[in-house]
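Survey of secondary and tertiary structure
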Amino acid sequence: MYTFLTVKDWADYELLDAGNFEKLERFGQYILARPEPQAIWDKSLPQSEWERTAQAVFKKEKGSTEKGQWLLKKGMPEQWFMQYQYGQMDLRFRLGLSSFKHVGIFPEQAPNWQFIYDQARQLKTPQPKILNMFAYTGGASLAARAAGADVTHLDSVKAVNYWARENMEASNLTNIRWIVEDAMKFARREVKRGNKYQGLILDPPAYGRGPNGEKWQLEDELNELFKLCGQLLDPTDNLCLINLYSLGFSAFILENLVKQNFTFNGQGFQEFGELYLQDVNAHKLPLGTFYRFSTGSKT
């Protein structure tokens, strides 16, 4: 079933406006303006309102699509915390102003955190094993751990894993397994070992590098990664979430890869589609495609 998912009822986050390749967002008590390549329409708010309200503005370096620096108003910290609550899940994230426009969280992923939390609690396996690859600062890892899962968090950047550990401790969670490794190498090794996981979470970038310089190019590696994951996932008791933020990648690509590489026994549900954020003027900002399935029931 093709569907659209967005953030709802998050007190600490709000997309205020988007347009002219930028977005204006509130994270907790602070308002940020930063680039957004998907926002090709005009802004709804006047530029003077953006300048008045934004406490930090990201300016790209000349010739760079990502790298730049933040211009801060007086009183704007470089690090702060925000909260996300859902059911009995109470997560805290440490945010920071990086040199690549990111702040340590992708708020459009909140519906997927809910999916992970709900479905992990339905798994029949006592303390199910969940592997989160390309795990970044760990929102999905925290959701799985809050549901009681045995979580392995894998990212190729050591500093990002430290950041995720900070988020775990701030959220009063413990005992996540941290691995700094190239995702493909780890997946191949786990298949050879015959290991199985009840949960798989994948959020691969368009391109990247492993800890030893291993090259990752999404369109070149994704098919093999799905083949490996099809062997790693428990076929009878599982949840799986795949998310892509890459211009031009259709959710139907994910559907084809999932159906080719995973076994379904008629239980549970499957859905795929798009993630988006909606600003206060009802403009919808597309922010990736997803595919998710589970042997549990949809909540």
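Reading the values: the criteria
- Residues numbered from 1 in each chain as written.
- Predicted model: local features only at pLDDT ≥ 70, side-chain atom pairs only at ≥ 80, totals over all residues.
- Heavy atoms only, no water.
- Helix = DSSP H or I, 4+ residues; strand = E, 2+ residues; numbered from the N terminus.
- Rg over C-alpha atoms; globule rule 2.2 N^0.38 Å.
- Buried < 20%, exposed > 50% of the residue type's maximum accessible area, 1.4 Å probe, protein only.
- Contact = heavy atoms within 4.5 Å.
- Areas by Shrake-Rupley, 256 points an atom, 1.4 Å probe, with all protein chains shown as cover.
- Patch = residues over 30% accessible without salt bridge, like charges linked within 9 Å, V, L, I, M, F, W, Y side chains within 5 Å.
- Salt bridge = Lys/Arg side-chain N within 4 Å of Asp/Glu carboxyl O.
- Pairing = 2+ DSSP bridges.
- Axes fitted to C-alpha atoms, helices over the stretch in contact; angles between N-to-C directions.
- Right-handed = clockwise from strand over helix to strand, strands pointing away.

The next thing to look at is the overall build of the protein. Along its length, the protein carries seven helices and 17 strands. Relative to its length of 299 residues, the protein is compact, with a C-alpha radius of gyration of 19 Å against a globular reference of 19 Å. In terms of overall dimensions, the protein has a C-alpha envelope of 55 × 40 × 40 Å along the principal axes. Scored against the burial criterion, the 299 residues of the protein give a buried share of 54%. A sequence separation of at least 24 residues applies to 63% of the contacts in the protein between residues at least 6 apart. Of the roughly 13,900 Å² of accessible surface on the protein, a fraction of 48% belongs to carbon and sulfur atoms.

Bringing a nonpolar patch on the surface into the picture now. There is a patch of nonpolar side chains on the surface, built from Tyr2, Phe4 and Phe252 and spanning about 310 Å² of accessible area. Note that Phe252 resides in helix H7 (residues 251-261). For Phe252, a relative accessible area of 46% translates into the label partly exposed.

To continue, consider the sheet that holds strand S6 (residues 68-72). Read across the open sheet, the five strands follow the order S2-S3-S4-S5-S6; overall the sheet is mixed. The two strands at the open ends of the sheet, each matched to only one other strand, are strand S2 (13-19) and S6. Taken over all neighbouring pairs, the strand axes of this sheet differ in orientation by 20° on average, direction set aside. The pairing of strand S4 (residues 30-35) with strand S5 (residues 56-60) spans two bridges and is parallel.

Another aspect to go through is the pairing of S4. Most of S4 is tucked away, with six of its six residues classed as buried. Alignment of strand S3 (residues 22-27) against S4, held across six bridges, turns out to be antiparallel. In the strand pairing of S4, Phe27 is matched with Tyr30. This β-α-β element, S4 to helix H1 (residues 47-53) to S5, shows right-handed connectivity.

Take it as geometry only, folks, not as evidence of what the structure does.
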